[in-house]
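As a plain string of letters, each chain reads:
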Amino acid sequence: MMNLSKRMLTKEEEDAAGDEIEVRREDQDKINKFSRLHSHELILEEELKVKNVRLSLCPNCPEYAVLNPKQKEKEELDDISTELELADEDEKVPYKIGDSFFHLPLEQAQELLGLSMAKIEEEIGELEDKMSAIREEMTQLKVELYARFGKTINLET
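Scoring rules and cut-offs
- Residues numbered from 1 in each chain as written.
- Predicted model: local features only at pLDDT ≥ 70, side-chain atom pairs only at ≥ 80, totals over all residues.
- Heavy atoms only, no water.
- UniProt positions renumbered as here; feature names shortened; annotations may be inferred.
- Helix = DSSP H or I, 4+ residues; strand = E, 2+ residues; numbered from the N terminus.
- Buried < 20%, exposed > 50% of the residue type's maximum accessible area, 1.4 Å probe, protein only.
- Contact = heavy atoms within 4.5 Å.
- Patch = residues over 30% accessible without salt bridge, like charges linked within 9 Å, V, L, I, M, F, W, Y side chains within 5 Å.
- Areas by Shrake-Rupley, 256 points an atom, 1.4 Å probe, with all protein chains shown as cover.
- Salt bridge = Lys/Arg side-chain N within 4 Å of Asp/Glu carboxyl O.
- Lys, Arg positive; Asp, Glu negative; His and termini not counted.
- Charge placed at Lys NZ, Arg CZ, Asp CG, Glu CD.
- Phe/Tyr/Trp six-rings, centres within 6.5 Å; stacked < 30°, edge-to-face > 60°.
- Lys NZ or Arg CZ within 6 Å of the ring centre and 35° of its normal.
- Axes fitted to C-alpha atoms, helices over the stretch in contact; angles between N-to-C directions.
- Parallel < 35°, antiparallel > 145°, perpendicular 65-115°, else oblique.
- Left-handed = near helix turned anticlockwise from the far one by under 90°.
- Nonpolar A, V, L, I, M, F, W, Y, C, P; charged D, E, K, R; others polar.
- Expected span 1.5 Å × (residues − 1).

The chain is annotated in an unreviewed UniProt entry as Prefoldin subunit 4 of Podospora fimiseda. Heading Function (unreviewed entry) of the UniProt record for the chain holds this comment: "Binds specifically to cytosolic chaperonin (c-CPN) and transfers target proteins to it. Binds to nascent polypeptide chain and promotes folding in an environment in which there are many competing pathways for nonnative proteins." Regarding the chain, the relevant UniProt record gives this comment under Sequence similarities (unreviewed entry): "Belongs to the prefoldin subunit beta family."

Now the structure itself:
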């Protein structure tokens, strides 16, 4: 009887297993679960990209802080903050949320920007935690399925 411990098969064990391995219900459930996890991982990766493209400067008006979730990268948050630091403290700063501009005191615009940055960073952290958990589970399923099927199954994503 072959040892089905949670490890990869050696070349000899793969060859000895033969070409035809019966797929049990338990195996099919693991394969299906792996597939669902992989799909969920791809969705989370897309969501993470959207979260990383949250705030940006209006290209035609660099003094504006624009909340626009799908156009610029998150790294520009620091640029917005720097731009606001250079603005005159007595001026009202046009701050865009959605489709509306609000003329806010500089301090309030900086506070809103900080809150937005913190919220986005928290959401990104949550998504990364979910992705990490999914990847760990996928790795475990890979080990189990490769131990059972060897080269006859491809779980590379």
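Back to the text.
> Summarise the overall build of the chain; cite the residues concerned and give the values.
Along the chain, the regular secondary structure elements total four helices and four strands. Ordered by position in the sequence, the α and β elements of the chain form the string α-α-β-β-α-β-β-α. Counting every position in the chain, which comprises 157 residues, the buried fraction comes to 32%. Partitioning the intrachain contacts of the chain with sequence separation of at least 6 by distance along the chain shows that 55% fall at a separation of at least 24.

> Go over a negative patch on the surface, please, and point to the residues and values.
A cluster of acidic residues, Asp88, Glu89, Asp90, Glu91, Glu107 and Glu111, forms a negative patch on the protein surface. Looking at where Glu89 falls in the secondary structure, it is placed in the loop between helix 3 (76-86) and strand 3 (92-97). For Glu89, a relative accessible area of 66% puts it in the exposed group.

> Could you give an account of the packing of aromatic side chains, with specific residues and numbers?
Per the counting criterion, the structure on display carries zero aromatic pairs. In this structure, Arg148 packs its charged tip against the face of Phe149, placed 5.5 Å from the ring centre.

> Please give an account of the packing of helix 2 (residues 25-51) against helix 4 (residues 106-149) that cites residues and values.
Where helix 2 meets helix 4, the closest approach of the two axes is 9 Å, and the angle between their N-to-C directions is 155°. Taken together, the axis directions place helix 2 and helix 4 in an arrangement best described as roughly antiparallel. Our pair here, helix 2 against helix 4, has a crossing hand that is left-handed. Taken together, the residues of the contact of helix 2 with helix 4 break down into 14 nonpolar, two polar and 15 charged.

> Give a detailed account of helix 4, specifying residues and quantitative values.
With 44 residues, helix 4 extends 63 Å from end C-alpha to end C-alpha; this agrees with the ideal 64 Å at 1.5 Å per step. Within two residues after helix 4, Gly150 carries a phi angle of roughly 60°, on the positive side.

> Could you give me a rundown of the UniProt feature "coiled-coil region" (unreviewed entry) in the chain, with the residues and numbers involved?
Within this numbering scheme, the UniProt entry marks residues 117-144 as carrying the feature "coiled-coil region" (unreviewed entry). Structurally, residues 117-144 comprises 100% helix and 0% strand, and the distance from its first C-alpha atom to its last is 41 Å.

> An account of the environment of Gln28 is requested, with residue identities and associated values reported.
Checked against the element boundaries, Gln28 lands in helix 2. Overall, Gln28 belongs to the partly exposed group, its relative accessible area being 30%.

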